[in-house]
Amino acid sequence: DEDTSTLTIVDSGTVGSAATVEWVVYSNGLLEIKGQGAVPSFSSSSSNLAPWASHASSITKIIVRDTITSIGSFAFYNLNKVTSITLPFVGYSRTTTTGYTSAFGYVFGYHTSGSSSYNYHQYSSSNYYSFYVPSSLKTVVITDATQIPAGAFYSLDYVKTVKMNDGIKSIGSSAFSANDVLSQCIIPESVETIGFSAFSTTALSEVYIPDLVSAIEQNTFYGCTKLSKANLGNNVATIGTQAFYNTALSTLVIPDSVTTINNLAFAQQTSNLTLKS
């Protein structure tokens, strides 16, 4: 909902075959993508960069409005000073759920390798996809999604804050895992399912599980060594294997709805944990 009507325009134009997608660069470092339709794909080639790439040295914030239906690869390639980005969805489109196009980093562009030695987010067809997400990026806001795909933010270990819209129903497996600086990520009340290892080895210190969630899957908060407070929703029935393994919980109230606590669910706590019902 950020109002840009009073900002000073530095450059602007349209992209896409129908020229219905508008882009504007403002003097305060904001790139706004608005209008209707799809943002096309670009590349890392100097002859096929996005038109706003010429302002890469001044763009520090990106806002893509909810009226955009898809965002192509390399749309935000080489915008290496961006600290905050607001997107309506994760990956290529609202309906993309699997594969490298469903990764958060897809819109920044990628390279492929047969080796796991790279910092990657998705693995497909014998290739590891490594995305050109700028290390300056600290805050991500998702405004109009219904799901966070599996592995969407995997190993993005410099993003500290992710804000998600109410209306998201599922958070995929390993969606935020392997990010040891992610300290702020509130799970929306609308979420019904959270995949295994979804938040493992993150820097979260507090978590609230919504009432619509019935199971905390295996390794969901595994290795979250700063997690000291957890509030379980009133409909959680199952706590999976190693769900809270190696966390810093000191007190946890188990709702009456819980019928199953699997092996090592609360093992290796870094503080003395008291379970209450």
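Note: the structure precedes this text.
The numbers attached to residues start from 1 for each chain and follow its sequence in the written order. In view of the model being predicted, local features appear only for residues whose pLDDT reaches at least 70, and side-chain atom pairs are presented and counted only at 80 or more, with totals across whole chains, interfaces and linings using the full set of residues. To get the side-chain values, take all heavy atoms of the structure and skip hydrogens and water.

Enquirer: Help me out: how do you make sense of the sheet that holds strand β14 (residues 170-171) in this one?
Expert: For sheets, the rule is that strands pair by backbone hydrogen bonds, running either parallel or antiparallel. Whether two strands pair depends on DSSP finding at least two bridges between them. Helix and strand definitions follow DSSP, with helices as H or I runs of at least four residues and strands as E runs of at least two, each counted in order from the N terminus. If you walk across this open sheet you meet the three strands as β12-β14-β16, and the pairing is parallel. Every other strand in the sheet has two partners, leaving β12 (147-148) and β16 (193-194) as the edge strands with one partner each. As paired strands, β14 and β16 are joined by two bridges and run parallel to one another. Bridge pairing links Ser170 to Thr193 in β16.

Enquirer: I keep staring at unusual backbone geometry and nothing clicks. Help me out?
Expert: Both trends apply: most residues other than glycine have a negative phi, and most peptide bonds are in trans. Positive phi outside glycine occurs at Gln242, with the angle close to 55 degrees. Note on placement: Gln242 falls in the loop between β20 (238-239) and β21 (251-253). Relative accessibility thresholds used throughout: buried, under 20% of the residue-type maximum; exposed, over 50%; partly exposed, between the two (1.4 Å probe, protein chains only). Residue class for Gln242 comes out buried when judged on its relative accessible area of 18%. The backbone of Asn246 sits at a positive phi, close to 60 degrees, despite the residue not being glycine. Inspection of the secondary structure puts Asn246 in the loop between β20 and β21. Residue Asn246 is classed as partly exposed on the basis of its relative accessible area of 25%.

Enquirer: Can you help me understand the sheet that holds strand β18 (residues 215-216) in this one?
Expert: Strand order across the open sheet formed by three strands is β18-β20-β22, with parallel pairing between neighbours. Two strands bound the open sheet, and with one partner strand each, they are β18 and β22 (260-261). In this sheet, β22 lies alongside β20 in parallel orientation, the contact comprising two bridges. In the sheet register, Ile239 faces β22, and the bridge partner there is Ile261.

Enquirer: Would you mind going over the nonpolar core with me for this structure?
Expert: In a soluble, globular protein the nonpolar side chains are often hidden away together inside. Within the largest apolar cluster, 76 residues are counted, with the highest numbers of intra-cluster contacts made by Trp52, Phe76, Phe104, Phe176 and Phe244. Sorting the residues of this core by element identifies β2 (21-26), β3 (30-35), β5 (61-64), β6 (68-71), β7 (84-87), β10 (127-131), β11 (139-142) and β13 (161-164) as the ones contributing at least two each. Among the elements that take part in this core, β2 stands out by supplying three residues, more than any other. Those residues in contact with Phe244 that lie beyond four places of it in its chain are Ile216, Phe221, Leu227, Ala230, Leu232, Ile239, Leu249, Ala265, Phe266, Ala267 and Gln269. Nine residue types can take part in a nonpolar core, namely buried Ala, Val, Leu, Ile, Met, Phe, Trp, Tyr and Cys, and a core is a set of them joined through side-chain atoms within 4.5 Å. The criterion used for residue contact is that any of the two residues' heavy atoms lie within 4.5 Å.

Enquirer: I keep staring at the side chain of Gln147 and nothing clicks. Help me out?
Expert: Topologically, Gln147 is positioned in strand β12. Each polar contact in these results corresponds to two N or O atoms within 3.5 Å; when the atoms are within protein, one needs to be able to donate a hydrogen and the other to accept it, and residues that are neighboring in sequence are counted only if both atoms are side-chain atoms. A polar side-chain atom of Gln147 sits 3.2 Å from the main-chain carbonyl oxygen of Arg94. From its side chain, Gln147 meets the backbone oxygen of Thr96 in a polar contact 3.3 Å long. In contact with Gln147, not counting residues within four places along its chain, are Arg94, Thr96, Thr97, Ile168 and Ser170.

Enquirer: How should I be thinking about the packing of aromatic side chains in this particular structure?
Expert: In this description, a pair of aromatic rings is defined by centroid distance and the angle of the planes. Under the pairing criterion, centres of Phe, Tyr and Trp rings, with the six-membered ring standing for Trp, must be within 6.5 Å; the plane angle then separates stacked pairs below 30 degrees from edge-to-face pairs above 60, leaving the rest tilted. Going through the model one piece at a time under the given rule, you end up with 23 aromatic pairs. Where Trp23 meets Trp52, the ring centres are 5.9 Å apart and the plane angle is 65 degrees; that geometry is what we call edge-to-face. One end of the pair, Trp23, is in strand β2; the other, Trp52, is in the loop between β4 (37-39) and β5, with 29 residues separating them in the sequence. Residue Trp23 is classed as buried on the basis of its relative accessible area, which comes to 5%. The class of Trp52 is buried, set by a relative accessible area of 1%. Between Tyr77 and Tyr132, the ring centres sit 5.4 Å apart and the planes meet at 75 degrees, which makes this aromatic pair edge-to-face. On the criterion of sequence distance, the pair formed by Tyr77 in the loop between β6 and β7 and Tyr132 in the loop between β10 and β11 is long-range, its members being 55 residues apart.

Enquirer: Whenever I open this one, the pattern of salt bridges confuses me. Can you help?
Expert: Think of it this way: side chains of opposite charge can pair up when their charged atoms draw near. In what follows, salt bridge is the name for a side-chain nitrogen of Lys or Arg lying within 4 Å of a carboxyl oxygen of Asp or Glu. Scanning all chains against the criterion turns up six salt bridges. For Glu192, the salt bridge goes to Lys169, with nearest N and O atoms at 3.8 Å. Taken together, the residues span a long stretch of sequence, with Glu192 in the loop between β15 (184-185) and β16 and Lys169 in the loop between β13 and β14 at a distance of 23 residues. Note that Lys229 is salt-bridged to Glu206, the shortest N-O span being 3.9 Å. Of this pair, Lys229 sits in strand β19 (residues 229-231) while Glu206 sits in strand β17 (residues 206-208); the two residues are 23 residues apart in sequence, bridging distant segments of the chain. The structure contains a network of salt bridges with shared partners spanning Glu32, Lys34 and Arg65.

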